[in-house]
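In case you want the letters, here they are:
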Amino acid sequence: KAQSQDVVWRNSRIASMDVDSTSAYGLIENHDLIVRDNKIIAILPSDEVDGTDSQVIDVEGRLITPGLIDCHTHLIFGGNRAAEWEQRMNGVSYETISAQGGGINSTVRSTRQTDEKALFEVSQPRLEALIREGVTTIEMKSGYGLDFESEKKQLQVAKQLAAIYPISVSSTLLSAHTVPPEYKGKADEYIDLICEDIMPKLWHEGLFESVDVFCESVGFSLEQSKKLFLAAQKLGIPVKGHVEQLSNLGGSELVASFKGLSVDHIEYLDIEGIRALKKSGTVAVLLPGAFYFLRETKLPPIELLREHQVPMAISTDFNPGTSPFASLRMIMNMAAVLFRLTPEEIWAGVTCHAAKALGREQTHGQLKAGYHADFIVWNAKDPVEMIYEQGSNPLFMRVYQGVVTTDVLAA
Ligand SMILES: O=C(O)CC[C@@H]1NC(=O)NC1=O
Ligand SMILES: [Fe+3]
């Protein structure tokens, strides 16, 4: 018998994404989903649930899935990179633009020049677009500040967004995104500044949950990345990395050797890296938006990842340089069309596997007793519909921590 404070969600098809389920999408029919405060307390056959004392919401046969989780974004930044994009469409490579002091550093300049209030305001519409699509948990990285004050400013904005919007935010320190202009030619000294100053101070201010690095020919070397990870490990900070995006420096093995949360991009990941990921339980985060926008041709080793059962997540990698897409559902479509992932793999990639990439696999990304009551009621019957059709929005109700938040943005 459901209690008076419970809410019984009735008459739905539930794609639970329960990793222990044997059915596709963890699909459950003719069951009630019972919510108490901000948690799911049970999913029981409807004919066994007595909802007389509680609020019953009949969703008339609609599909319910876990809220979407976008596990890799650079959403907080000033300015945009449309002009450079035109250069790239005329054939100039991403690395050349970066060498000309363009690329990440041009966004660093505009982010440094944008004050905290303005940075919050330009970030709002990007976050609101994702919330409207059904995202209930999102990761946000620093990495456009590249000095203590500016990195702190980005992370403060992430904290402010989390305070006013019905969404869970996981913040990541990506000070090791690129070498800032004032450290040009002195990458090692900049890594020392991060290890000795920026990272410990912002960690003790509780402003982020994990540390990320851009381990790449146009970013930081394997040795520099390892130095950063050793310093993070000393402070007990989980790690992840942008690795094997444009080349294979062995970054995936490095992240795996620190039992890292995730390796991201991984177009150039090889079998040694895959074996290391399998052993360490590190999530492979695929970013088809950057692949598409950079006109990349090297596909990530999807078949090998499948074969070795390495969990794959999908994310927008929302950023002004390589993936200016504030739409996780569009990225889900790209994951199908460009990477040939199956619809069920894609749904796991934005729910249970994305939660694992953020260290939240025990509380988020699945619909089962004890998990957060973050879920979406869709005007749809099957999960594939949300990957297949783009442009329209089939979101019918958005529930965050048990509270219906659908119209939070309609106002
Ligand atoms: O161009 C930018 O602003 C970020 C690019 C983005 N960052 C990274 O490490 N890899 C990427 O694709
Ligand atoms: Fe990224």
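About the criteria used
- Residues numbered from 1 in each chain as written.
- Chains lettered and ligands numbered in written order.
- Predicted model: local features only at pLDDT ≥ 70, side-chain atom pairs only at ≥ 80, totals over all residues.
- Heavy atoms only, no water.
- Helix = DSSP H or I, 4+ residues; strand = E, 2+ residues; numbered from the N terminus.
- Rg over C-alpha atoms; globule rule 2.2 N^0.38 Å.
- Buried < 20%, exposed > 50% of the residue type's maximum accessible area, 1.4 Å probe, protein only.
- Areas by Shrake-Rupley, 256 points an atom, 1.4 Å probe, with all protein chains shown as cover.
- Lys, Arg positive; Asp, Glu negative; His and termini not counted.
- Charge placed at Lys NZ, Arg CZ, Asp CG, Glu CD.
- Pairing = 2+ DSSP bridges.
- Axes fitted to C-alpha atoms, helices over the stretch in contact; angles between N-to-C directions.
- Near = heavy atom within 4 Å.
- Polar contact = N/O pair within 3.5 Å; in protein donor to acceptor, adjacent residues only side chain to side chain.
- 1 Å grid on protein atoms, 1.4 Å probe; cavity = no way out; pocket = protein on both sides within 12 Å on 5 of 7 lines; lining within 4 Å.
- Sits in = over half its atoms within 2 Å of the grid points.
- Nonpolar A, V, L, I, M, F, W, Y, C, P; charged D, E, K, R; others polar.
- Phe/Tyr/Trp six-rings, centres within 6.5 Å; stacked < 30°, edge-to-face > 60°.
- Lys NZ or Arg CZ within 6 Å of the ring centre and 35° of its normal.
- Parallel < 35°, antiparallel > 145°, perpendicular 65-115°, else oblique.
- Contact = heavy atoms within 4.5 Å.
- Donors = N, O, S within 2.8 Å, 3.2 Å for Na, K, Ca; no water.
- Tetrahedral: all angles 85-135°; square planar, octahedral: opposite > 155°, others 65-115°.
- Right-handed = clockwise from strand over helix to strand, strands pointing away.
- Salt bridge = Lys/Arg side-chain N within 4 Å of Asp/Glu carboxyl O.

Draft legend 1. Representation of the overall build of the protein within the structure. What the protein contains, in helices and strands, is 15 helices and 16 strands. Over its C-alpha atoms the protein spans a radius of gyration of 21 Å, differing by no more than 12% from the 22 Å that the globule rule assigns to 411 residues. Taken along its principal axes, the extent of the C-alpha atoms in the protein is 70 × 45 × 45 Å. When each of the 411 residues of the protein is scored for burial, the buried share is 60%. In the structure as shown, the protein presents an accessible area of about 15900 Å², 52% of it carried by carbon and sulfur atoms. With 38 positive and 54 negative side-chain charges, the protein shows a separation of 2 Å between the mean positions of the two kinds.

Draft legend 2. Structural detail: the sheet that holds strand β8 (residues 168–176). Taken in spatial order, the eight strands make up an open sheet running β6-β7-β8-β9-β10-β11-β12-β13, and their pairing is parallel. At either end of the open sheet lies a strand with only one pairing partner, and these are β6 (68–70) and β13 (312–314). With strand direction ignored, the average angle separating the axes of adjacent strands in the sheet is 25°. As judged from the two bridges shared by strand β9 (residues 210–215) and strand β10 (residues 241–243), these two strands associate in the parallel manner.

Draft legend 3. Geometry of the site of ligand 1. Near ligand 1, the surroundings consist of Arg81, Tyr94, Ile104, Tyr144, His177, Phe214, His242, Gln245, His265, Asn319, Gly321 and Thr322. Between ligand 1 and Tyr144 there is a distance of 2.7 Å, counted from an oxygen atom to a side-chain nitrogen or oxygen. Measuring from a nitrogen atom of ligand 1, one finds a side-chain N or O atom of Gln245 at 3.0 Å. A majority-of-atoms criterion places ligand 1 in the largest cavity. Residue composition of the shell around ligand 1, by class: four nonpolar, seven polar and one charged.

Draft legend 4. Quick peek at the packing of aromatic side chains. Tallied over the full model, the rule gives 12 aromatic pairs. Lying across the ring of Tyr183, Lys186 places its NZ or CZ 5.4 Å from the centre. Of note, Lys298 hangs over the ring of Tyr268, and the distance from its end group to the ring centre comes to 5.4 Å.

Draft legend 5. View of the packing of helix α6 (residues 187–204) against helix α7 (residues 222–234). Remark: α6 packs on α7, axes separated minimally by 10 Å, with the N-to-C direction vectors making an angle of 10°. Considered as vectors, α6 and α7 are oriented roughly parallel to each other. Residues Ala187, Asp188, Ile191, Asp192, Ile194, Cys195 and Met199 of α6 form the contact with α7, whose participating residues are Gln224, Lys227, Leu228, Ala231 and Ala232. Residues of the contact of α6 with α7, tallied by class, amount to eight nonpolar, one polar and three charged.

Draft legend 6. Molecular detail of the coordination of the iron ion (ligand 2). Every protein donor of the iron ion (ligand 2) is listed here as His72 (NE2), His74 (NE2), His242 (NE2) and Asp317 (OD), and their distances to the metal cover 2.1 to 2.2 Å. Taken together, the four donor atoms surrounding the iron ion (ligand 2) define angles of 82 to 168° at the centre, an arrangement classified as irregular. Note on His242: relative accessible area 4%, which makes it buried. On the basis of relative accessibility, which here comes to 1%, the residue Asp317 falls in the buried class.

Draft legend 7. The pairing of strand β12 (residues 283–286), seen in detail. Residues Val283 and Val285 point to one face of β12 and Ala284 and Leu286 to the other, with burial holding for every one of them. Examined bridge by bridge, strand β11 (residues 262–265) and β12 share three bridges and lie parallel to one another. Pairing of Ser262 across the sheet is with Val283, part of β12. As a crossover connection, the stretch from β11 through helix α9 (residues 271–280) into β12 is right-handed. Sheet topology note: the β12/β13 ladder contains three bridges and is parallel. Within β13, the position partnered with Val285 by the bridge is Ala313.

Draft legend 8. Spatial organisation of the pairing of strand β14 (residues 375–378). Because side chains alternate across β14, one face comprises the buried residues Phe375 and Val377, and the other comprises Ile376 and Trp378, equally buried. Here strand β5 (residues 63–66) pairs with β14 via four bridges, running antiparallel. By the bridge assignment for β14, Ile64 is matched with Val377. Relative to strand β15 (residues 395–400), β14 runs antiparallel, the two being bridged by four bridges. Across the sheet, residue Phe375 finds its bridge partner in β15, namely Val399.

Draft legend 9. Focus on the pattern of salt bridges. This model, assessed by the stated rule, comprises 22 salt bridges. Of the charged contacts, one joins Arg13 and Glu29 as a salt bridge, the two residues approaching to 3.1 Å between their closest N and O atoms. One end of the pair, Arg13, is in strand β1 (residues 6–15); the other, Glu29, is in strand β2 (residues 27–36), with 16 residues separating them in the sequence. For Arg13, a relative accessible area of 16% translates into the label buried. In this structure, Asp18 and Lys368 form a salt bridge, with 3.0 Å as the shortest nitrogen-oxygen distance. With Asp18 in the loop between β1 and β2 and Lys368 in the loop between α14 (352–357) and β14, the pair connects residues that are 350 residues apart, well separated along the chain. Residue Lys368 is classed as buried on the basis of its relative accessible area of 17%. Within this structure, Glu139, Lys141, Asp212 and Lys240 form a network of salt bridges that share partners.

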